[in-house]
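# Architecture and fold: a report
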Amino acid sequence: MRVAMIGAGYVGLVSGACFADFGHDVCCVDKDPAKIEALDRGEIPIFEPGLSELVAKNTREGRLTFTIDLQQAVGNAEAVFIAVGTPSRRGDGHADLSYVYQAARDIAAAMDGYTVVVTKSTVPVGTGDEVERIIREVRPDADFCVVSNPEFLREGAAINDFKRPDRVVVGTEDERARDVMRSLYRPLFINETPIVFTARRTSELIKYAANAFLAMKITFINEVADLCEAVGADVQQVARGIGLDKRIGGKFLNAGPGYGGSCFPKDTLALVKTARDYGSPIKLIETTVEVNDARKKAMSQKITRAVDGQDLAGKTVGVLGLTFKPNTDDMRDAPSLDIVPALQAAGAKIQAFDPEGHEARQMLPDVAFKENPYDVAADADALVIITEWDQFRALDLDRVKLLMRQPVMVDLRNIYKPEDLRARGFVYSSVGRE
Ligand SMILES: NC(=O)c1ccc[n+]([C@@H]2O[C@H](COP(=O)([O-])OP(=O)(O)OC[C@H]3O[C@@H](n4cnc5c(N)ncnc54)[C@H](O)[C@@H]3O)[C@@H](O)[C@H]2O)c1
């Protein structure tokens with residue numbers, strides 16, 4: 001099939017490369033010429049394991065191309081995916097749909113013959129109706145169907161998630177469009193991936209309900225972690241003890257500094273807004289948002305307590321990990337963006353290292369960026385692990401201790417064992433454990 005992918009970001013580029021790898025003929029469109037030029041040179045604008053090889057293979061074999069010319073890509077496509085950003089609208093937290101609607105207008109003008117327009121961006125309930133209305137307005141004569149097909153991939157494991165998903169959700173009641181979607185995802189059908197066909201509005205809501213549930217699960221274990229600290233229990237054992245219950249499940253039960261990233265913060269907020277607009281507030285998610293925001297702010301106090309309990313004036317804090325999670329370069333709404341400025345406001349000098357979080361250099365002023373974890377440890381009064389990159393799990397701890405001014409470690413991801421670190425002479429604190 002001929003596919004156009006509008007937006008070549010984390011979702012569009014991964015989806016486009018994977019559809020090409022399924023054997024489809026995919027053209028990825030982005031309005032950012034620098035991104036398309038880089039892709040044409042074989043450079044991948046984001047860090048995502050395996051993506052570079054997948055893009056190279058499929059471009060070499062002629063199934064994957066890039067352009068800024070939407071007209072050319074859409075004109076001969078049978079399926080056109082909208083994979084543009086839907087960030088929080090400044091001021092009110094609603095999803096900003098301006099990129100989606102602009103894409104809809106551009107697609108409408110370029111469509112030729114029966115076209116299935118698929119919204120892959122995460123969009124509030126009813127957006128598909130509006131996309132359909134816009135296309136109809138621009139092109140009253142057009143033969144098309146608007147389908148919702150939310151994406152569930154995780155950055156850092158995106159290719160595997162796309163190719164081996166737990167399920168594919170397709171929101172349309174139109175049989176012709178369902179056939180197109182079946183053909184697009186045929187390789188997954190063969191693998192017996194469940195494909196959930198629903199009405200469009202239901203599909204749109206499934207995405208928000210899934211993300212809100214996961215955000216709530218993380219927030220739940222974070223609050224249990226606080227209680228563990230208060231009562232002298234171990235949150236990791238609690239998580240294991242409850243997670244083995246299949247009704248609960250062990251995933252997303254890692255206590256930490258609060259969720260961040262490009263999806264959960266904006267999607268929980270957007271769901272809260274939608275629910276309120278429709279007079280059916282979801283209080284659990286409103287509380288989740290509130291608790292998570294407060295948690296990210298509280299982390300700097302936890303670090304201050306670990307260092308000397310008063311303030312951080314004149315202290316140097318080393319920070320390991322800045323991206324919102326490991327194996328991505330994505331800095332959107334990363335907990336580090338709350339924690340580092342709060343430490344600076346408390347008087348600390350910050351030195352930091354992240355293997356891929358290059359964008360942090362623009363986002364976090366007055367931070368001394370280092371080349372490796374040991375330079376971060378040098379002369380530090382405390383070392384804080386914010387993101388659990390694998391390379392931080394196997395540090396030469398004796399060397400770290402020798403380099404530090406005082407051996408205080410705050411492990412916000414529980415990657416070390418308290419007894420090990422204490423045996424080595426560290427003053428060690430973590431989340432939800434004694
Ligand atoms: N990042 C994730 O892990 C993830 C996972 C699932 C769903 N989503 C959803 O997918 C959508 C895209 O997210 P992302 O992280 O890929 O965003 P992104 O910001 O990485 O990419 C969006 C791209 O769209 C381009 N764009 C915007 N308007 C355009 C237009 N009119 N024509 C052509 N290109 C245009 C931008 O230049 C940008 O490159 C969002 O709705 C997001 O919520 C993201």
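Everything below is about the structure printed above this text.
Structure report, in brief. The shown structure was predicted, so the numbers you read here are calculated from the model rather than taken from an experiment.

This paragraph deals with the overall build of the protein chain. For the protein chain, the count of helices and strands is 18 helices and 14 strands. Oriented by its inertia axes, the alpha-carbon framework of the protein chain measures out at about 70 × 50 × 40 Å. A sequence separation of at least 24 residues applies to 72% of the contacts in the protein chain between residues at least 6 apart. Carbon and sulfur atoms make up 49% of the accessible area of the protein chain, which totals about 19200 Å². Charged side chains of the protein chain number 54 positive and 64 negative; the gap between the two group centres comes to 3 Å.

Looking now at the packing of aromatic side chains. If you walk through the whole model with that rule in mind, you get 10 aromatic pairs. An angle of 85° between the planes, with centres 6.0 Å apart, marks the rings of Tyr259 and Phe264 as edge-to-face. Each member of the pair, Tyr259 as well as Phe264, is classed as buried. Through pairs of rings, three or more aromatic residues link up here, namely Phe19, Phe22, Phe81, Phe162 and Tyr185. Taking the ring centre of Phe152 as reference, the NZ or CZ of Arg167 above it sits at 3.6 Å. Above the ring of Tyr114, the side-chain terminus of Arg176 is found at 3.5 Å from the ring centroid.

Before going further, it helps to examine the site of the ligand. Neighbouring the ligand are 24 residues, the closest being Asp30, Lys35, Thr86, Glu155 and Lys266. Taking Val11, its main chain carries an N or O atom lying 2.8 Å from an oxygen atom of the ligand. In the model, an oxygen atom of the ligand is placed 2.6 Å from a nitrogen or oxygen of the Thr86 side chain. Of the residues contributing to the shell around the ligand, the split by class is nine nonpolar, seven polar and eight charged.

This part covers empty space enclosed by the protein. This model, assessed by the stated rule, comprises one cavity of 30 Å³ or more. Around the largest cavity, the lining residues are Thr119, Ser121, Thr122, Val123, Ser148, Asn149, Pro150, Glu204 and Lys207. Counted by class, the lining of the largest cavity contains two nonpolar, five polar and two charged residues.

For the rest of this paragraph, the subject is the environment of Thr198. Here Thr198 shows up in strand 8 (residues 195–198). For Thr198, a relative accessible area of 11% corresponds to the buried category. Beyond its immediate sequence surroundings of up to four residues, Thr198 is in contact with Val170, Gly171, Thr172, Arg178, Ser203 and Ile206. A polar contact of 3.3 Å, which involves the side chain of Thr198, links it to the backbone nitrogen of Ser203.

Here we take up helix 11 (residues 235–243). Taken together, the buried positions of helix 11 are occupied by Val235, Ala239 and Gly243. In an axial view of helix 11, the angular spread of the buried residues amounts to 65°, which keeps them on one side of the axis. Exposed and facing more than 90 degrees away from the buried side of helix 11 are Gln237, Arg240 and Gly241. Next to the buried residues of helix 11 lie helix 10 (200–231). Of the residues that open helix 11, the one with a side-chain oxygen 2.8 Å from the backbone nitrogen of Gln236 is Asp234.

If you trace the backbone, Thr328 turns up in the loop between strand 9 (316–320) and helix 14 (336–345). Once you skip the residues sitting within four places of it in the chain, Thr328 turns out to touch Tyr10, Phe47, Glu155, Thr323, Glu356 and Trp389.

Before going further, it helps to examine the sheet that holds strand 12 (residues 382–385). Strand order in the open sheet formed by six strands is 11-10-9-12-13-14, with parallel pairing between adjacent strands. The outermost strands of the open sheet, each flanked by one partner alone, are strand 11 (367–369) and strand 14 (427–429). Across the sheet, the mean angle from the axis of one strand to that of its neighbour is 20°, orientation sign disregarded. In terms of strand pairing, strand 9 meets strand 12 through four bridges, oriented parallel. Across the sheet, Val317 pairs through a bridge with Ala382, a residue of strand 12. In the packing of helix 13 (residues 283–307) onto the sheet, contacts are made with strand 12, strand 13 (408–411) and strand 14, and the angle to strand 13 comes to roughly 155°. Contacts between helix 14 and the sheet are confined to strand 9, strand 10 (349–353) and strand 11, with strand 10 contributing the most and set at about 155° to the helix.

Within the element layout of this structure, Asp329 appears in the loop between strand 9 and helix 14. A polar contact is formed between the side chain of Asp329 and the backbone nitrogen of Phe47, at a distance of 3.1 Å.

Each value, and the rule that gives it
Residues numbered from 1 in each chain as written. Predicted model: local features only at pLDDT ≥ 70, side-chain atom pairs only at ≥ 80, totals over all residues. Heavy atoms only, no water. Helix = DSSP H or I, 4+ residues; strand = E, 2+ residues; numbered from the N terminus. Contact = heavy atoms within 4.5 Å. Areas by Shrake-Rupley, 256 points an atom, 1.4 Å probe, with all protein chains shown as cover. Lys, Arg positive; Asp, Glu negative; His and termini not counted. Charge placed at Lys NZ, Arg CZ, Asp CG, Glu CD. Phe/Tyr/Trp six-rings, centres within 6.5 Å; stacked < 30°, edge-to-face > 60°. Buried < 20%, exposed > 50% of the residue type's maximum accessible area, 1.4 Å probe, protein only. Lys NZ or Arg CZ within 6 Å of the ring centre and 35° of its normal. Near = heavy atom within 4 Å. Polar contact = N/O pair within 3.5 Å; in protein donor to acceptor, adjacent residues only side chain to side chain. Nonpolar A, V, L, I, M, F, W, Y, C, P; charged D, E, K, R; others polar. 1 Å grid on protein atoms, 1.4 Å probe; cavity = no way out; pocket = protein on both sides within 12 Å on 5 of 7 lines; lining within 4 Å. Points joined across faces, edges and corners; volume = space filled by probe spheres on them. Arc of directions from axis to C-beta. Pairing = 2+ DSSP bridges. Axes fitted to C-alpha atoms, helices over the stretch in contact; angles between N-to-C directions.

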